Amino acid sequence: MRTRSIARALPKTATRVALGLTLLAVPATAVATTAGTAGPAPATAHSAPHAAPAATGLDDPAKKEIAMKLVCSAENSSLDWKAKYGYIEDIDDDRGYTGGIIGFTSGTHDMLELVELYTKRKPGNVLAKYLPALRKVDGSPSHEGLDPNYTKDWKKAGQDPAFQKAQNDERDRVYFNPAVKQGKADGIGVLGQFAYYDAIVMHGDGDDKTSFSSIRKRALAKAKPPAQGGDEKAYLNAFLDARVWAMKQEEAHEDTSRVDTAQRVFLKNGNLDLHTPLNWKVYGESYHIG
């Protein structure tokens, strides 16, 4: 398991500034039994009458499933992401407990928001009693008020479809939808949108120098995205270079194989739409999607 930057301890209002003020959030549609969301929007009234259909995006159900497996290989050393709702442990990265399908953490605010959503939808759930403690430890690695039974109760909640849906919805609201939205605005395809998503999952967003928006800004200083007339492969190489730089700023992210032997391999092969079969390595382990 690897987690994102501690910058995610910032309030979500700050975390969403770079994306949320310029991009309208896409409503979360994921449910516990599927990773799919709605496909590309229909053509607008002023579109050319014989315009080609919009290219598939990462929000295509099949592509989104691939994205979930790719992230799970890095976050949980597995492709079975749906088996990870009940995962939780402290991986000694100063972010407190890490849990769930994308590594929500007690020290970086998103775990708190997840449990708040779960409790709003299902009052009296097994995790509701930990909300005061989660608010107290937010922004720190502390377990105060959570031990000794929080991990046991989290694993129990992981079996609840309502908690699974809450995880899917928070993943989409905070990470997946903004990343795909920005990727489409930049004119990049499925691989590029995935690179954005993987970056925001690990680093979060905000004003920190290693946040997603800062990584993108660093890339834009080196190359233009297709939406600005640039070459897609050149821009994605610049983005991955910036991502690796950001990862190396933290000891917990020194291993950059989720870029070097995964995303960079797909890019080198010209697989900008993440067509299967896919073969990659993360942290020395080999993975395959047929």
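In this text, all values refer to a predicted model and were calculated from it rather than measured experimentally.

Participant: Hey, could you run me through the pattern of salt bridges in this one?
Facilitator: In this structure the tally under the stated criterion is 18 salt bridges. Across the salt bridge formed by R173 and E170, the nearest N and O atoms sit 2.9 Å from each other. Here the residue R173 and the residue E170 both occupy positions in helix α7 (residues 161–185), the gap between them amounting to three residues, near one helical turn. Overall, the relative accessible area of 28% leaves R173 in the partly exposed class. Taken together, the shared-partner salt bridges connect E75, D198, R243 and R258 into one network.

Participant: I'm lost on the packing of helix α8 (residues 190–203) against helix α11 (residues 257–268) in this one. Help?
Facilitator: The angle between the axes and the distance between the axes are what describe a pair of packed helices. Put simply, α8 and α11 touch, their axes get as near as 10 Å, and they point 165 degrees apart. Considering the angle they form, α8 stands roughly antiparallel to α11. Here α8 runs over α11; the crossing is left-handed. Contact residues: α8 offers L191, F194, A195, D198 and M202, while α11 offers R258, Q263, F266 and L267. Residue composition of the contact of α8 with α11, by class: six nonpolar, one polar and two charged.

Participant: Which parts of the structure should I look at to understand the side chain of S78?
Facilitator: Relative to the elements of secondary structure, S78 occurs in the loop between α3 (61–76) and β1 (88–90). Residues within four places of S78 in sequence aside, it is in contact with K69, C72, S73, K84 and Y287.

Participant: Could you clarify how one ought to interpret empty space enclosed by the protein in this entry?
Facilitator: Summary: where empty space remains is shown by rolling a probe the size of a single water molecule over the atoms. Applying the stated criterion across every chain yields a total of two cavities of 30 Å³ or more. Put simply, the largest cavity is a space of about 50 Å³. The wall of the largest cavity is formed by L70, S73, A74, F194, D198, R258, A262, Q263, F266, W280 and V282. At the level of secondary structure, the elements contributing two or more residues to the lining of the largest cavity comprise α3, α8, α11 and β4 (278–282).

Participant: Hey, could you run me through α11 in this one?
Facilitator: Within α11, burial applies to S257, R258, V259, A262, Q263, F266 and L267. On the buried face of α11, the contacting elements are α3, α8, α10 (232–247) and β4. Directly beyond the C-terminal end of α11, a positive phi value near 75 degrees is found at G270.

Participant: I tried to follow the pairing of strand β5 (residues 285–289) on my own but got confused; where do I start?
Facilitator: The side chains of a regular strand alternate between the sheet's two faces. Relative to β5, β4 is paired through five bridges, and the arrangement is antiparallel. By the bridge assignment for β5, K281 is matched with S286. The hairpin turn running from β4 into β5, its antiparallel successor, is two residues long, and Y283 in that turn takes a positive phi close to 55 degrees.

Participant: What is the right way to look at the sheet that holds β1 in this model?
Facilitator: In any sheet, the strands associate via hydrogen bonds between backbone groups, in a parallel or an antiparallel arrangement. Reading across from one edge, β1-β2-β3 is the order of the three strands in this open sheet, with antiparallel pairing throughout. The outermost strands of the open sheet, each flanked by one partner alone, are β1 and β3 (104–105). As judged from the three bridges shared by β1 and strand β2 (residues 97–99), these two strands associate in the antiparallel manner. Within the sheet, the bridge partner assigned to E89 lies in β2 and is T98. Strands β1 and β2 of the sheet are contacted by helix α6 (residues 150–157), whose axis makes an angle of about 150 degrees with β1.

The rules behind the values
- Residues numbered from 1 in each chain as written.
- Predicted model: local features only at pLDDT ≥ 70, side-chain atom pairs only at ≥ 80, totals over all residues.
- Heavy atoms only, no water.
- Salt bridge = Lys/Arg side-chain N within 4 Å of Asp/Glu carboxyl O.
- Helix = DSSP H or I, 4+ residues; strand = E, 2+ residues; numbered from the N terminus.
- Buried < 20%, exposed > 50% of the residue type's maximum accessible area, 1.4 Å probe, protein only.
- Axes fitted to C-alpha atoms, helices over the stretch in contact; angles between N-to-C directions.
- Parallel < 35°, antiparallel > 145°, perpendicular 65-115°, else oblique.
- Left-handed = near helix turned anticlockwise from the far one by under 90°.
- Contact = heavy atoms within 4.5 Å.
- Nonpolar A, V, L, I, M, F, W, Y, C, P; charged D, E, K, R; others polar.
- 1 Å grid on protein atoms, 1.4 Å probe; cavity = no way out; pocket = protein on both sides within 12 Å on 5 of 7 lines; lining within 4 Å.
- Points joined across faces, edges and corners; volume = space filled by probe spheres on them.
- Pairing = 2+ DSSP bridges.

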